[in-house]
Amino acid sequence: MNGFPILICDDSMLARKSARKALPRDWLVDVTYAANGREAVQALQNQHFGLVLLDLTMPEMDGVQILEAIREHKWETFVIVISGDIQPQMKDRVMSLGALDFINKPVKAERLGAILEMYGLFQASLVE
């Protein structure tokens, strides 16, 4: 594991691949995938992730429950929620639970890159 550790959690394989492709191309990352909330929590228990890209609507445990687990266990990670079904009150809720930001599905590389740069997680100027 040489890259920045990222966990991508979504029950859709297509969405997981889309999120991976939206990451900056020049960013050296080590990506782990979780197909549901339980897999995400297991991964978070076993490894530190600098970033979690998290869907909200999933079987077994949803994104809100994962954010609650992250807070309860005090796991140090940044979380960006990626969801297609968002109401303003849900966005407020996930932000109050510690999510860094929110992206509507489908995730666009420009939007994700801008968020990563805004919060200092990735700087394109350092890679070029």
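Our structure's up above, just so we're on the same page.
Attention in this report is confined to the structure presented alongside it.

Omega for the bond connecting K105 with P106 falls within 30 degrees of zero, at -5°, which places this linkage in the cis form. Mapped onto the secondary structure, P106 falls in the loop between β5 (101–104) and α5 (109–118). Even without glycine at this site, E60 takes up a positive phi of about 75°. Tracing the backbone through its elements, the reader meets E60 in the loop between β3 (51–54) and α3 (63–73). A positive phi angle, near 60°, is found at K74, a position not held by glycine. Topologically, K74 is positioned in the loop between α3 and β4 (78–83).

Our focus in this paragraph is the packing of helix α2 (residues 37–46) against α3. Packing of α2 against α3 brings their axes to within 10 Å, and their N-to-C directions diverge by 20°. Classified by the angle between their axes, α2 and α3 sit roughly parallel to one another. Crossing of α2 against α3: the hand is right-handed. Residues G37, A40, V41 and L44 of α2 form the contact with α3, whose participating residues are I66, A69 and I70. For the contact of α2 with α3, a count of residues per class yields six nonpolar, one polar and no charged.

What follows concerns the packing of α3 against helix α4 (residues 88–96). With their axes 10 Å apart at the nearest point, α3 and α4 run at an angle of 20° to one another. Considering the angle they form, α3 stands roughly parallel to α4. Of the two possible hands of crossing, α3 and α4 adopt the one that is left-handed. Contact residues: V64, L67, E68 and R71 in α3; M90, R93, V94 and S96 in α4. Here the contact of α3 with α4 is composed, by residue class, of four nonpolar, one polar and three charged.

Moving on, we get to the pairing of strand β2 (residues 29–34). Along any regular strand the residues' side chains alternate between the sheet's two faces. As judged from the six bridges shared by strand β1 (residues 4–9) and β2, these two strands associate in the parallel manner. The partner of C9 across the bridge, within β2, is A34. The parallel pair β1 and β2 is bridged by helix α1 (residues 13–22), and the resulting crossover is right-handed.

This part covers the nonpolar core. In terms of nonpolar packing, the biggest core is built from 25 residues, with L7, L44, L54, I66, L67 and V81 touching the most fellow members. Of all the secondary-structure elements, those providing two or more residues to this core are β1, α2, β3, α3 and β4. Looking at this core element by element, the count peaks at five residues for α3. I66 has contacts with C9, G37, A40, V41, L44, L54, M58 and M61, leaving out every residue within four places of it along the chain.

The tally for this structure, following the rule as stated, stands at five salt bridges. With its nearest N and O atoms 3.6 Å apart, the salt bridge here joins R38 to E60. Of this pair, R38 sits in helix α2 while E60 is found in the loop between β3 and α3, placing the two residues 22 residues apart along the sequence. Note that D101 is salt-bridged to R111, the shortest N-O span being 3.5 Å. Of this pair, D101 sits in strand β5 while R111 sits in helix α5, and the two are 10 residues apart along the sequence. Judged by relative accessible area, which is 37%, R111 ranks as partly exposed. Members of the salt-bridge network, linked through shared partners, are D10, D55 and K105.

Conventions and cut-offs
- Residues numbered from 1 in each chain as written.
- Predicted model: local features only at pLDDT ≥ 70, side-chain atom pairs only at ≥ 80, totals over all residues.
- Heavy atoms only, no water.
- Helix = DSSP H or I, 4+ residues; strand = E, 2+ residues; numbered from the N terminus.
- Axes fitted to C-alpha atoms, helices over the stretch in contact; angles between N-to-C directions.
- Parallel < 35°, antiparallel > 145°, perpendicular 65-115°, else oblique.
- Left-handed = near helix turned anticlockwise from the far one by under 90°.
- Contact = heavy atoms within 4.5 Å.
- Nonpolar A, V, L, I, M, F, W, Y, C, P; charged D, E, K, R; others polar.
- Pairing = 2+ DSSP bridges.
- Right-handed = clockwise from strand over helix to strand, strands pointing away.
- Core = buried A, V, L, I, M, F, W, Y, C linked by side-chain atoms within 4.5 Å.
- Buried < 20%, exposed > 50% of the residue type's maximum accessible area, 1.4 Å probe, protein only.
- Salt bridge = Lys/Arg side-chain N within 4 Å of Asp/Glu carboxyl O.

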